[in-house]
Amino acid sequence: MKSTITKQAEISDYTPLQLMVTAAAREIANKEIVFVGMRLPLLGFLLAKSTHAPDAIGVYELGIVRDTPAPGSILTMGDLPNLFCAQWLTDTADLMGLLQQGRVDVAFIGGAQVDRFGNLNTSYVGGTKKIKTRLPGSGGACDLASLAKRHIIIMTHEKRRFVPRVDYITSPGYGDGQGWRERVGLPRGGPCMVITNLGILRSDPGTREMVLTSIHPGVTVEEIVANTGWRLCMAPKITRTPIPDDTELAMLRRFDPQGYWTS
Amino acid sequence: MKSTITKQAEISDYTPLQLMVTAAAREIANKEIVFVGMRLPLLGFLLAKSTHAPDAIGVYELGIVRDTPAPGSILTMGDLPNLFCAQWLTDTADLMGLLQQGRVDVAFIGGAQVDRFGNLNTSYVGGTKKIKTRLPGSGGACDLASLAKRHIIIMTHEKRRFVPRVDYITSPGYGDGQGWRERVGLPRGGPCMVITNLGILRSDPGTREMVLTSIHPGVTVEEIVANTGWRLCMAPKITRTPIPDDTELAMLRRFDPQGYWTS
Amino acid sequence: MPASKLFTMFEAISRFVQNGSAVALGTAQETLIPFAAGHELIRQRKRDLTLIGTISDILFDQLIGGGCVRKVQAAWVGNVITGSSYNFRRAIENGNTEIEDHSNLTMSMSLRAAAMGVPFMPARTALGSDLFKSNARLKTITCPFTGDTLTAVAAIRPDVTIIHTQRADEQGNAHMWGNMGITREACLAGEYVIIIAEEIVPTDTIRSDPNRVVIPGFRVCAVVHAPWGGHPSPVPGCYNRDHQSFIDYRTASRTPESFADWKAFWIDNVKDRVDYLNRVGKNRMDRLKIKHHLRSAPADFGC
Amino acid sequence: MPASKLFTMFEAISRFVQNGSAVALGTAQETLIPFAAGHELIRQRKRDLTLIGTISDILFDQLIGGGCVRKVQAAWVGNVITGSSYNFRRAIENGNTEIEDHSNLTMSMSLRAAAMGVPFMPARTALGSDLFKSNARLKTITCPFTGDTLTAVAAIRPDVTIIHTQRADEQGNAHMWGNMGITREACLAGEYVIIIAEEIVPTDTIRSDPNRVVIPGFRVCAVVHAPWGGHPSPVPGCYNRDHQSFIDYRTASRTPESFADWKAFWIDNVKDRVDYLNRVGKNRMDRLKIKHHLRSAPADFGC
């Protein structure tokens, strides 16, 4: 097994999606309880679990807890390999209890529209009165954004998606800034970062605004600014996002052999 | 098996406890959902189930639902024969949900102290300020009395137990009379009768007071009045409690072979 | 032994689901979705249904496309591996279908409230979100003990809950395994409960493990035998997820016209279960079958 | 694979239960009561404990008699087949022990509130009863949707939940079967969870049936191997209820003096598990063993 991995790892090309997933995976610390969202986060968790965070626990909203990676490739959390030898198969409500108790360290969610305070819209482009596009809705995203100790947003960086104020808050970020979560009664948490195909924004601890902290290889600041719908603030020090290493790429190819999620 | 039963049934002596259990069992209609309490009600349900109410469903607070009698004799609902081939083994909360939804037709509870409106005390003789005797407490009794469509009280008839007003309401009856349950917010139900070792009292639909409706064989009205701590009202027509028939006695001996509960 | 509750799919659906019924289905979210039952609802042209669920993959989209739905109470309506679902989008954007926006947590609490027989459940989710604008079942309340602001979620009582399970007896006692989602509370909350089962088994099989009973027979109105009735969703112990069907459906549902073709082939013109399985095809079914069996360690329920 | 959480009973109790801890135990009410763990609490002279449970048969009475208890939060404290429990009576009547009076429903909602991470749960029970006088965790509230009067039950968060189970692996993943009582919510609510297991099994055994896991290993702090650790309560799959022990205890607990003798023989002077079982005796153990085995039908968790 080991030798196969080494061989695959020699191919060091990577796709922007692989970079995003890798950046997400690196945010998971070992032994953390991770609430794994749909799609890209599925891969992010598998990657972290099989590299630097072997003792992380994955919690999946449909009633699954895993402490080992699924034995086969999966396209979604309900694929039977993701149930195989799970640590726990149970009610969604039990896992929501973990969230509400504050036992979930980090959660990952995608979004269609995000604003500078990290509020997410996955319900109504145009708002509820003048619906332009109806999106699928919250699923567990609102719960993860409300209740995890921190959450990470993964999405495509486009001006129409990065708006000053979302049309509808499906998943609360920092509302209108510092102090808002406490004011509305949310017990903890907030979005700590947005990982995009161009770079990484992090929540400023003072203003709670999402500011640019890292740029992916080959991308310019100007490109990011042009694709952001608000006047993007810059962190004091902006880094270059590290590329996936060979082990990470090998793992990504193992978990997504057809490139369904990352090509 | 059948012949054994017939032979036993020829012995038509019965104990006062067997009469009480039989009277209780006869209150269960076929197909009813019965929340079975501790001790005597365990036998009452088994008796009903094996005679006139074969399709009754038994619900036991510790998380058991049965639609067949236990295959062996049991002293308590947690005895393994009572779990054997159960219809459902589950959480107490699920069964409490059935109760709160109003799906339980009838429940049986015992008591240490009852008053003329069918309020039950199984917590504090003397009340909480000047405790004379501490009793075990509610268990599920308060829930059954609050939430079943009707409940039946089974207890020993003594003046110190049949008091004008209980020292502490563990399990609500009709409070201080007509309209009280509605006023305090209880959604339904109430005690329909008290079965004692001397006779049967039923709740008057007008006043909600417990009135004498039936006297056990060999007992006099005077005896019952003397053992009741309030001015006991009489029903317009007072009947003689029918004695257990041979089949009932045979079944009782089968389910309580040592006479643990009924001797 | 009480009378059998075994019905054909046609009988169970026509008898227990009315036009206007509120129906919970797809309660395990991605697994065990009762597609066969959903397709029967479409075939029988049920109208004005309210659909209740958290995430029911593409089943809700199909029912909306089938013209069955007046209202959706759900957390997410889409195609899990491809994203948006088009009938749903069209119906909401055109104002033809009403939506009550839930999160997974608010939906599970709505059903749990009904399951417990109380009018609401408290939660800590969604505070500050706009779910409060498009869901009248959410209100903020103050905890009488701590003073905390909480979300009160009002109860949802389905007229009918339909679940897909691995095995059941003729009295409706059903074993289900895998991730449970909101299945337990949906069954306890439902006025009628319909069990669709891969296999009808002797009562003894069910009685050998009363802990695996998802809902006991006395709370069930009908049992339907429908092998592969969860296809294309995965059913633990029976078959894997048929990803290609979901990808094909994404394409087919893009326009009302192509959806109509899809519906004609996969629903309207399907004569019976055998016909459906012929359309899936033996090769595909073989590919989906469980390859690595893993049998649960026994538990002794003796005495 | 994470490090083993296997401890001796002595280590687990001394490490995770402090004087003053709030401890939930006996959560299946009559079955699977962790008597061995309770006796260790007495042997280690834990003090000022708060006991949490609905009905825990005679275990609470023993702990009270052992001088371990400052407060009881329970629905019923007695001897299930004989009635009153005498140490409890004496302690309450003398004012030595505090009691918070619950019903089974209010206790299960208290623990479920904590399990769900909310400060209270609504219920419809106990309205008009005097439980409100001797339980500050109950308040009446008005439903924000229906206007109904409801009982709000405040959360109870045990510092430690101790459960007895049939089998567990060294990481604390535990299978439990039989009636569940309030076990699930008590485990989810507990800050520390200690598993006492009849048998320590390979992880594969537990993984073969993730639905039977009562609480996953990542929420467990310690696993203790204690065969017959539930005796004299019944443990499904392992042994029947030892009625005579409960009858003997009724007699023994009538006076503080006779209780002291009982405690000396059954707790203080018991050297280890083997010694305890010798005192029970082989004949009695044989009589209690499961006679009619009934193995659960397997479920396939393959893929």
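Novice: Explanation requested: the state of the cysteines in the structure shown.
Specialist: Here, disulfide denotes a covalent bond that connects the sulfur atoms of two cysteines. The full count for this structure, using the stated rule, is zero disulfides over all chains. Not part of a disulfide, Cys 143 of chain D finds its nearest cysteine sulfur in Cys 143 of chain C, a span of 15 Å.

Novice: Is there a simple way to think about the interface of chain D and chain B in this case?
Specialist: For an interface, size is often stated in terms of accessible area lost upon the parts coming together. Each side of the interface is counted separately: chain D has 55 residues, and chain B has 52 residues. In total, about 4,100 Å² of surface goes out of reach between chain D and chain B, with carbon and sulfur atoms giving 58% of it. For the pair chain D and chain B, the number of links is two salt bridges. The partner of Arg 184 of chain D in a salt bridge is Asp 91 of chain B, with the nearest N and O atoms 3.0 Å apart. Linking chain D with chain B are 26 residue pairs in polar contact (both at pLDDT 80 or more), by the criterion used here. Contributions of two or more residues to the side of chain D that touches chain B are made by strand S4 (69-76), helix H4 (86-93), strand S5 (98-101), helix H5 (104-116), helix H6 (183-189) and helix H8 (243-252) of chain D. Partitioning the side of chain D that touches chain B into residue classes produces 25 nonpolar, 20 polar and ten charged.

Novice: What am I meant to see in the packing of aromatic side chains here?
Specialist: Aromatic rings in a pair are described by how distant their centres are and how their planes are angled relative to each other. One pass over the full model with this rule turns up 29 aromatic pairs over all chains. In this structure an aromatic cluster arises from ring pairing among Phe 7, Phe 16 and Tyr 192 of chain C. The aromatic ring of Tyr 124 of chain B is capped on one face by Arg 134 of chain B, whose charged end is 4.5 Å from the ring centroid. One residue, Arg 241 of chain C, lies across the ring of Phe 246 of chain C, its end atom 3.8 Å from the ring centre.

Novice: Is there a simple way to think about the domain arrangement of chain A in this case?
Specialist: Residue and element names in this part refer to chain A. Partitioning chain A into domains gives domain 1 (1-104 + 243-263) and domain 2 (107-241). For domain 1 versus domain 2, the distance between C-alpha centres works out to 22 Å. Counting residues at the interface gives 21 residues for domain 1, matched by 23 residues for domain 2. Approximately 1,900 Å² of surface area, both sides summed, lies buried where domain 1 meets domain 2, with 69% of it carried by carbon and sulfur atoms. Of the charged contacts in the structure, one is a salt bridge between Arg 202 and Glu 27, with a shortest N-O distance of 3.0 Å. Among the elements of the structure, helix H2 (16-25), strand S1 (33-36), helix H3 (40-49) and helix H5 (92-101) are those that each provide at least two residues to the side of domain 1 that touches domain 2. Across the side of domain 1 that touches domain 2, the residue classes tally to 14 nonpolar, four polar and three charged.

Novice: Just checking my understanding: could you explain a nonpolar patch on the surface for this structure?
Specialist: A cluster of nonpolar residues, Val 225, Met 234 and Ile 238 of chain A, forms a patch on the protein surface that exposes about 200 Å² of accessible area. By the secondary structure assignment, Met 234 of chain A is in strand S15 (residues 234-240).

Novice: What am I meant to see in the environment of Leu 294 of chain C here?
Specialist: You can see Leu 294 of chain C is positioned in the segment after helix H11 (282-288). Residue Leu 294 of chain C is classed as buried on the basis of its relative accessible area of 19%. For the pair Leu 294 of chain C and Gly 147 of chain C, spaced 147 residues apart in the sequence, the C-alpha separation amounts to 49 Å. Among all residues touching Leu 294 of chain C, those that are not within four sequence positions of it are Phe 84 and Cys 85 of chain A together with Arg 207, Ser 208, Ala 299, Asp 300, Phe 301 and Gly 302 of chain D.

Novice: For this particular structure, what's the right way to read the sheet that holds strand S7 (residues 138-142) of chain D?
Specialist: Residue and element names in this part refer to chain D. A sheet is described by the order of its strands in space; here three strands give the open sequence S6-S8-S7, paired in antiparallel fashion. With partners counted over all chains shown, the strands left at the sheet margins are strand S6 (120-123) and S7, one partner each. If you compare each strand with its neighbour and ignore which way they point, the axes differ by 35° on average. Strand direction decides the pairing type here: S6 and strand S8 (residues 149-154), joined by four bridges, are antiparallel. Bridge pairing in S8 links Met 121 to Val 153. Running over the sheet, H5 touches S6, S7 and S8 and is turned about 140° from S6.

Definitions and limits used
- The numbers attached to residues start from 1 for each chain and follow its sequence in the written order.
- Here the convention is simple: chains get letters from A, ligands get numbers from 1, in the order in which they are written.
- In keeping with the predicted nature of the model, local features appear solely for residues at pLDDT of at least 70, side-chain atom pairs appear and are counted solely at 80 or more, and the whole-chain, interface and lining totals rest on all residues.
- Heavy atoms throughout the structure, all of them, feed into the side-chain values; hydrogens and water do not.
- Pairs of cysteine sulfur atoms within 2.5 Å are what we label disulfides.
- Here, residues are in contact when the closest pair of their heavy atoms is within 4.5 Å.
- Buried area: the accessible area, evaluated with a 1.4 Å probe, that two parts lose upon being put together, summed over both parts.
- Salt bridges are identified by distance alone: a Lys or Arg side-chain nitrogen within 4 Å of an Asp or Glu carboxyl oxygen.
- Here a polar contact means two N or O atoms within 3.5 Å. Within protein one must be a hydrogen donor candidate and the other an acceptor candidate, and residues neighboring in sequence count only if both atoms are side-chain atoms.
- By the criteria applied, helices consist of DSSP H or I runs no shorter than four residues and strands consist of E runs no shorter than two, each listed in order from the N terminus.
- When residues are grouped by polarity, Ala, Val, Leu, Ile, Met, Phe, Trp, Tyr, Cys and Pro land in nonpolar, Asp, Glu, Lys and Arg in charged, and all others, Gly among them, in polar.
- Pairing of aromatic rings covers Phe, Tyr and Trp, the last through its six-membered ring, and needs centres within 6.5 Å; plane angles under 30 degrees mean stacked, over 60 mean edge-to-face, and all others mean tilted.
- Only when the NZ atom of a Lys or the CZ atom of an Arg is both within 6 Å of the ring centre and within 35 degrees of the ring normal do we say a charge sits over the ring.
- Where each domain starts and ends comes from a domain assignment, either automatic or drawn from a database.
- Any residue with relative accessible area above 30% and no salt bridge may belong to a patch, with like charges joined within 9 Å and the nonpolar Val, Leu, Ile, Met, Phe, Trp and Tyr side chains within 5 Å.
- Per-residue and other accessible areas follow the Shrake-Rupley method at a 1.4 Å probe size, with only the shown protein chains counted as cover for residues.
- Remark: exposure states derive from per-residue accessible area (1.4 Å probe, protein chains only) relative to the maximum for the residue type, with buried under 20%, exposed over 50%, and partly exposed in between.
- In this analysis, strands are considered paired if DSSP registers two or more bridges between them.
- A fitted line through C-alpha atoms represents every axis, and for helices the fit uses only the stretch in contact; the resulting angles, taken between N-to-C directions, go from 0 to 180 degrees.

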